[in-house]
Amino acid sequence: MKREIIEIGSPLKNKRASLNISLEKASSDVKIMQKYLQALESEQFDQIPGDVVIKGFLKIYSDYLGMDSKPFVLEYSRRAGKNSNS
């Protein structure tokens, strides 16, 4: 049975837009470079150095947006071929 792929980037981008927060402001608030937030929102994870960093950024950014980070981190881990509950 094939597991459904959960979107990561679109929900983050849509939530940020619905809160009327610019990428520049979000970057300043969470202290993550704008290019890395753009990479998260476009699911270009190869632009971010390392799995641990990506999972940390997903947690920080989704928490900042008021979203549950766990589904995003688990989906990223699944895609990366890792079984992680962090």
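Preceding this section is the structure that the text describes.
This one's a predicted model, so the numbers in the text were calculated from it and none came from an experiment.

### Looking at the environment of alanine 26
- Position of alanine 26 among the secondary structure elements: in helix H2 (residues 23–30).
- The sequence separation of alanine 26 and leucine 65 amounts to 39 residues, and the corresponding C-alpha distance is 8.9 Å.

### Things to note about the pattern of salt bridges
- Per the stated rule, a full pass over the model turns up 6 salt bridges.
- Between aspartate 63 and lysine 59 there is a salt bridge, with its nearest N and O atoms 2.9 Å apart. A residue pair is termed a helical-turn pair when its members lie 3 or 4 positions apart in one helix, as aspartate 63 and lysine 59 do in helix H4 (residues 51–64) at 4 residues.
- By relative accessible area, which is 42% here, lysine 59 ends up partly exposed.
- Via salt bridges that share partners, Glu43, Glu75, Arg78 and Arg79 belong to a single interconnected network.

### A closer look at unusual backbone geometry
- For lysine 31, which is not glycine, the phi dihedral falls at a positive 60°.
- Along the chain, lysine 31 turns up in the loop between H2 and helix H3 (34–41).
- You will see that glutamate 43, though not glycine, has its phi angle at about 55°, which is positive.
- With respect to the secondary-structure elements, glutamate 43 resides in the loop between H3 and H4.

### A word on the side chain of arginine 16
- Within the secondary structure, arginine 16 sits in helix H1 (residues 9–18).
- Arginine 16 sits in the buried class, given a relative accessible area of 10%.
- For arginine 16, the side chain forms a polar contact with the side chain of glutamate 41, separated by 2.7 Å.
- Of the polar contacts made by the side chain of arginine 16, one reaches the side chain of tyrosine 61; its length is 3.3 Å.
- Apart from the residues lying within four places of it in its own chain, the contact partners of arginine 16 are Ile21, Ser22, Leu23, Ala26, Glu41, Tyr61 and Leu65.

### A look at the environment of phenylalanine 57
- Assignment of secondary structure puts phenylalanine 57 in helix H4.
- As for phenylalanine 57 and alanine 17, which are separated by 40 residues in sequence, their C-alpha atoms are 18 Å apart.
- Excluding its chain neighbours within four sequence positions, the residues that come into contact with phenylalanine 57 are Ile32, Tyr36, Leu40 and Ile48.

### A few points about H1
- Listed as buried for H1 are Gly9, Leu12 and Arg16. Looking down the long axis of H1, one finds its buried residues gathered within 75° of arc, a one-sided arrangement. Summarising the geometry of H1, the exposed residues directed more than 90 degrees from the buried face are Asn14, Ala17 and Ser18.
- Against the buried residues of H1 lie H2, H3, H4 and helix H5 (70–79).
- One or two residues past the end of H1 sits asparagine 20, with phi positive at roughly 60°.

Rules behind the numbers
- Residues numbered from 1 in each chain as written.
- Predicted model: local features only at pLDDT ≥ 70, side-chain atom pairs only at ≥ 80, totals over all residues.
- Heavy atoms only, no water.
- Helix = DSSP H or I, 4+ residues; strand = E, 2+ residues; numbered from the N terminus.
- Salt bridge = Lys/Arg side-chain N within 4 Å of Asp/Glu carboxyl O.
- Buried < 20%, exposed > 50% of the residue type's maximum accessible area, 1.4 Å probe, protein only.
- Polar contact = N/O pair within 3.5 Å; in protein donor to acceptor, adjacent residues only side chain to side chain.
- Contact = heavy atoms within 4.5 Å.
- Arc of directions from axis to C-beta.

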